[in-house]
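Coordinates in review
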There are 2 protein chains.
Amino acid sequence: MAFPGYGAGPGAAPQQDPLYGYFSAVAGQDGQISADELQRCLTQSGIAGSYQPFSLDTCRLMVNMLDRDMSCTMGFQEFKELWQVLNGWRNTFVSFDRDGSGTVEDHELQQAVTSMGYRLSPQAMTCIVKRYSTNGRIRFDDFVSCCVRLRALTDQFRRRDTTQTGNASFQYDDFIQVTMSI
Amino acid sequence: MAFPGYGAGPGAAPQQDPLYGYFSAVAGQDGQISADELQRCLTQSGIAGSYQPFSLDTCRLMVNMLDRDMSCTMGFQEFKELWQVLNGWRNTFVSFDRDGSGTVEDHELQQAVTSMGYRLSPQAMTCIVKRYSTNGRIRFDDFVSCCVRLRALTDQFRRRDTTQTGNASFQYDDFIQVTMSI
């Protein structure tokens, strides 16, 4: 298992978790990290491997994705959750970046999105590719930004799709809160 | 009038429009510009003044905001429309950036959003500030990114709010198309 910390029982002290080292190195007295601290933390942890470090914008999206208490910061439990999700996305990206160029192609992004369980129309796939590709290729940072937003927006939609029919109603103000925060 | 080209009648050749110089300097044979060409074009035009040039991400949002034919590129008419909108946003930003620091404060972003005619709850304002501020301040590039998304998302919502009651229904796939492209 790549990250033995995940196997720890619920009673384990965070100090025993290897991830806690990365987290506590940047967290202030309050045990919370902001987007720029997350950026430093992820860069130091080396989770991006040989890919470029995450942009501040992507780190802000990551904080917002898990920010249930609207504090604009991330606690250790949220950080652990993010770490696990990020590892999944990195493995997916690596499996499509076969030549190790640090980018994947348009159609590979579509395959990756499908492999994560999303069922989207060709039109929706085109929108996503258009938004995240640069000259027909998608960099790791943009891939993660895409994954963060797709996950968070799908979560928010599902919460409002009370009849589970794939249809949801939004008040304007709620729609802006959901879409502008991510 | 700052941009006399706007006064030209519909029959005026684009070559007579001073904006056409900026546009044609980067547009290819097809008379269209992509996000990275728009970035170069806007940098060369000096529209950002003493502020940092627009990021590629913000330029992608600008292209998407006006991309009615889903071509991922921008023609000259769309560029002119963007120019006019951008000037309005720049003037708004400048009026709040009183000390010329290149940033505005959280509460000034809220005032700016209100001055553009949006009626949002304090919660929605908090979401927006949270998403676009860095250490409590908002840079011009982030401000424009915020304005592009707020305008495009409001437009898309309005189209689906057929009864004009501030409530709209979305199918999941449509929701993803609207929110992931901007």
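In the nomenclature of an unreviewed UniProt entry, chain A corresponds to Sorcin from the organism Mastacembelus armatus.

What follows covers the overall build of chain A. Within chain A, the secondary structure is distributed over 8 helices and 3 strands. In chain A, the succession of helices and strands from N to C terminus is α-α-α-α-β-α-α-β-α-β-α. Here the C-alpha atoms of chain A give a radius of gyration of 17 Å, agreeing with the 16 Å that 2.2 N^0.38 yields for 182 residues. Overall, chain A is about 45 × 45 × 30 Å in size when its C-alpha atoms are taken along their principal axes. Here chain A holds 182 residues, and the buried ones make up 50% of them. Taking contacts inside chain A between residues at least 6 apart in sequence as the whole, the part at least 24 apart equals 59%. With an accessible surface of roughly 8400 Å², chain A has 49% of that area assigned to carbon and sulfur atoms.

All right, on to the interface of chain A and chain B then. Of the residues lining the interface, 47 residues belong to chain A; the matching set on chain B comes to 47 residues. When the two sides are added together, the surface that chain A and chain B hide from each other amounts to roughly 4300 Å², 57% of it contributed by carbon and sulfur. It is Lys130(A), Arg131(A) and Met180(A) in chain A that bury the most area against chain B; as a group they hold 19% of the surface buried on that side. Where chain A touches chain B, the interface holds 6 salt bridges. The shortest N-O distance in the salt bridge between Asp142(B) and Arg60(A) comes to 3.5 Å. Our enumeration of links across chain A and chain B arrives at 25 residue pairs in polar contact (both at pLDDT 80 or more).

Now for the nonpolar core. Note that soluble globular proteins tend to have their nonpolar side chains buried in a common cluster. Phe79(A) and Phe79(B) are the most contacted members of the largest nonpolar core, which totals 118 residues. Once residues within four sequence positions are removed from consideration, Phe79(A) is found in contact with Leu19(A), Phe23(A), Ile33(A), Leu38(A), Cys41(A), Leu42(A) and Met74(A).

The buried fraction of helix H3 (residues 56-66) of chain B amounts to 9 of the 11 residues, a majority that puts the element mostly inside the structure. Of the positions making up H3(B), those classed as buried are Thr58(B), Cys59(B), Arg60(B), Leu61(B), Met62(B), Val63(B), Asn64(B), Met65(B) and Leu66(B). On its buried side, H3(B) packs onto helix H6 (122-132), strand E2 (137-139) and helix H7 (140-160) of chain A together with helix H2 (35-45), helix H4 (76-96) and helix H7 (140-160) of chain B.

We now examine helix H1 (residues 18-26) of chain B. All names here are of chain B. For H1, every residue scored as buried is listed here: Leu19, Phe23 and Val26. Along the axis of H1, the buried positions cluster into a sector of 70°, meaning they face one direction only. Away from its buried face, by an angle of more than 90 degrees, H1 presents the exposed residues Pro18 and Ala25. One side-chain oxygen at the N-terminal end of H1 lies 2.9 Å from the backbone nitrogen of leucine 19; it belongs to aspartate 17.

Sites flagged by UniProt as "domain: EF-hand" (unreviewed entry) map to residues 84-119 of chain A. Between the first and last C-alpha atoms of residues 84-119 of chain A the distance is 23 Å; the span itself is 64% helix and 8% strand.

Each value, and the rule that gives it
Residues numbered from 1 in each chain as written. Chains lettered and ligands numbered in written order. Predicted model: local features only at pLDDT ≥ 70, side-chain atom pairs only at ≥ 80, totals over all residues. Heavy atoms only, no water. Helix = DSSP H or I, 4+ residues; strand = E, 2+ residues; numbered from the N terminus. Rg over C-alpha atoms; globule rule 2.2 N^0.38 Å. Buried < 20%, exposed > 50% of the residue type's maximum accessible area, 1.4 Å probe, protein only. Contact = heavy atoms within 4.5 Å. Areas by Shrake-Rupley, 256 points an atom, 1.4 Å probe, with all protein chains shown as cover. Buried area = accessible area lost by both parts, 1.4 Å probe. Salt bridge = Lys/Arg side-chain N within 4 Å of Asp/Glu carboxyl O. Polar contact = N/O pair within 3.5 Å; in protein donor to acceptor, adjacent residues only side chain to side chain. Core = buried A, V, L, I, M, F, W, Y, C linked by side-chain atoms within 4.5 Å. Arc of directions from axis to C-beta. UniProt positions renumbered as here; feature names shortened; annotations may be inferred.

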